[in-house]
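Structural features, examined
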Amino acid sequence: MTARLLDGKVMARLIRDEVATEATELLARGVKPGLAVVLLGEDPASQVYVRSKGNACQEAGMHSETIRLPAETTEAELLAVIDRLNADPQIHGMLVQLPLPRAINSDAVLRRIDPAKDVDGFHPVNVGKLVIGDPTAFKPATPYGVQEMLIRSGIDTKGMHAVIVGRSNIVGRPMANLLIQDGPGGNATVTVCHSRSRDLPSITRLADLLIVAIGRPNFVTADMVKPGAVVIDVGINRVDDAAAPKGYRIVGDVEFGPVSEVASAITPVPGGVGQMTIALLLKNTLQAARQASGGAAG
Ligand code: GUN
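In this structure, L209 sits in strand 7 (residues 209-212). Overall, the relative accessible area of 0% leaves L209 in the buried class. Once the C-alpha coordinates of L209 and Q287 are considered, the two residues, 78 residues apart in sequence, prove to be 28 Å apart. Beyond its immediate sequence surroundings of up to four residues, L209 is in contact with L150, T157, M160, H161, A162, V163, L179, V230 and I232.

The structure is reproduced here in structure tokens:
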């Protein structure tokens with residue numbers, strides 16, 4: 001079997017165009033959605049993500065602010081920046097790019113963001129709302145992107161056994177919560193695996209839908225996949241490659257070639273889930289602007 005390719009580029013383009021149209025409508029009612037992105041330090045991957053977020057925002061006709069701070073910024077200084085953004089009426093959504101330098105308590109930082117502006121959906125208020133299925137929750141952009149990809153590809157998750165590899169607060173846990181909700185892209189039976197799971201391949205082989213987010217290059221091999229499964233690769237790993245122009249190339253958590261011979265559908269890396277994340281972040285910013293101006297969720 002050769003798997004169908006789930007093209008994140010095409011789907012993300014569609015969503016970004018939809019968001020731009022809705023942002024124009026909101027602007028006509030006097031509201032320009034605004035997103036602030038805060039970056040500490042010089043991590044090369046984070047710099048690329050943050051630049052892409054800012055550019056995508058402007059392309060969608062939204063107000064965008066990128067606040068770059070030195071790696072030595074103290075926690076108190078960062079909290080003061082968040083307080084300022086919390087109070088800024090031009091900013092409807094904000095995020096602090098992770099990971100943060102070790103000297104900073106990430107939990108304290110995420111809790112300082114006004115839940116109404118927390119477009120990453122990492123504040124405990126939004127985590128709780130997501131768990132109970134409150135539609136005003138901000139869904140974390142990466143798992144939200146995976147769910148949208150499945151819906152828009154016509155893959156019905158109802159009754160599927162979804163196995164998630166990875167239990168991070170950014171992907172694995174919110175992914176599980178989205179997939180067990182009642183509604184489109186939900187109604188799945190969910191298993192969450194992690195580094196302490198015993199005999200992982202015996203679990204992943206049960207998956208109708210296998211979602212991998214553990215940050216280890218080519219971790220999932222063809223023998224770990226049930227024939228006909230849908231495989232979603234959330235990994236973005238840099239591996240050294242002397243032959244590549246930059247000296248490295250990007251690979252996922254799934255060994256793409258062999259697994260695509262077993263799966264019925266698969267996401268490529270790059271060009272898969274990564275493309276969706278920014279599109280859904282924009283959608284969340286739109287949702288934040290709507291909710292702040294008294295409109296409905298969504
Ligand atoms: N680092 C990796 N993914 C994310 C994300 O979705 N949001 C933030 N803020 N940082 C990240």
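Read on, since the account is not over.
What follows is about the layout of surface pockets. Here the largest pocket is characterised by a volume of approximately 1,400 Å³. Elements that contribute at least two residues to the lining of the largest pocket include exactly helix 2 (44-59), strand 4 (93-96), helix 6 (141-152), strand 9 (237-240), strand 10 (248-251) and helix 10 (273-292). A breakdown of the residues in the lining of the largest pocket according to their chemical character gives 24 nonpolar, 13 polar and eight charged. Size it by volume and the second largest pocket reaches roughly 430 Å³. Partitioning the lining of the second largest pocket into residue classes produces 10 nonpolar, five polar and three charged.

Taken in spatial order, the three strands of this open sheet run 3-2-4, and their pairing is parallel. With partners counted over all chains shown, the strands left at the sheet margins are strand 3 (63-69) and strand 4, one partner each. Across the sheet, the mean angle separating the axes of adjacent strands is 10 degrees when strand polarity is ignored. Looking at chain direction, strand 2 (residues 34-40) and strand 4 are connected through four bridges and run parallel.

Side chains of V48, Y49 and I236 sit close together on the surface and give an oily, nonpolar patch of about 230 Å² of accessible area. Mapped onto the fold, I236 is located in the loop between strand 8 (230-233) and strand 9. For I236, a relative accessible area of 42% puts it in the partly exposed group.

Taking strand neighbours across the sheet as the criterion, the six strands line up as 1-11-8-7-5-6 in an open arrangement whose pairing is parallel. Edge positions in the sheet fall to strand 1 (4-5) and strand 6 (189-193), since each of these pairs with one other strand and no more. Relative to strand 8, strand 7 runs parallel, the two being bridged by four bridges. Across the sheet, L210 pairs through a bridge with V231, a residue of strand 8. The strands touched by helix 7 (residues 172-180) are strand 5 (161-165), strand 6 and strand 7; relative to strand 5, the strand with the most contacts, the crossing angle is about 170 degrees.

Our focus in this paragraph is the packing of helix 1 (residues 8-28) against helix 10. The interhelical angle for the contact between helix 1 and helix 10, taken along N-to-C directions, is 20 degrees, at an axis separation of 8 Å. In this view, helix 1 runs roughly parallel relative to helix 10, as classed from their interaxial angle. In this structure, helix 1 meets helix 10 at a crossing whose hand is left-handed. Only Q275, M276, A279, L280, L282, K283, L286, A289 and R290 of helix 10 make contact with helix 1, whose side of the interface consists of G8, K9, M11, A12, I15, R16, V19, E22, A23 and L26. Across the contact of helix 1 with helix 10, the residue classes tally to 12 nonpolar, two polar and five charged.

Right, let's get into the side chain of S46. Turning to its location among the elements, S46 is positioned in helix 2. In contact with S46, not counting residues within four places along its chain, are L39, Q97, L98 and P99.

For the rest of this paragraph, the subject is the nonpolar core. Among the nonpolar cores identified, the biggest contains 51 residues, and V146, L179, L209, I211, V230, I232 and V234 are the most heavily contacted of them. Broken down by element, the residue count for this core peaks at 10 residues, all from helix 10. Each residue touching I211, except ones within four places of it in the same chain, is listed here: V146, V163, I164, V165, M175, L179, I232 and V234. By size, the runner-up hydrophobic cluster in this structure holds 19 residues, among which are A229, V231, V259 and I266.

Definitions and cut-offs
Residues numbered from 1 in each chain as written. Predicted model: local features only at pLDDT ≥ 70, side-chain atom pairs only at ≥ 80, totals over all residues. Heavy atoms only, no water. Helix = DSSP H or I, 4+ residues; strand = E, 2+ residues; numbered from the N terminus. Buried < 20%, exposed > 50% of the residue type's maximum accessible area, 1.4 Å probe, protein only. Contact = heavy atoms within 4.5 Å. 1 Å grid on protein atoms, 1.4 Å probe; cavity = no way out; pocket = protein on both sides within 12 Å on 5 of 7 lines; lining within 4 Å. Points joined across faces, edges and corners; volume = space filled by probe spheres on them. Nonpolar A, V, L, I, M, F, W, Y, C, P; charged D, E, K, R; others polar. Pairing = 2+ DSSP bridges. Axes fitted to C-alpha atoms, helices over the stretch in contact; angles between N-to-C directions. Patch = residues over 30% accessible without salt bridge, like charges linked within 9 Å, V, L, I, M, F, W, Y side chains within 5 Å. Areas by Shrake-Rupley, 256 points an atom, 1.4 Å probe, with all protein chains shown as cover. Salt bridge = Lys/Arg side-chain N within 4 Å of Asp/Glu carboxyl O. Parallel < 35°, antiparallel > 145°, perpendicular 65-115°, else oblique. Left-handed = near helix turned anticlockwise from the far one by under 90°. Core = buried A, V, L, I, M, F, W, Y, C linked by side-chain atoms within 4.5 Å.

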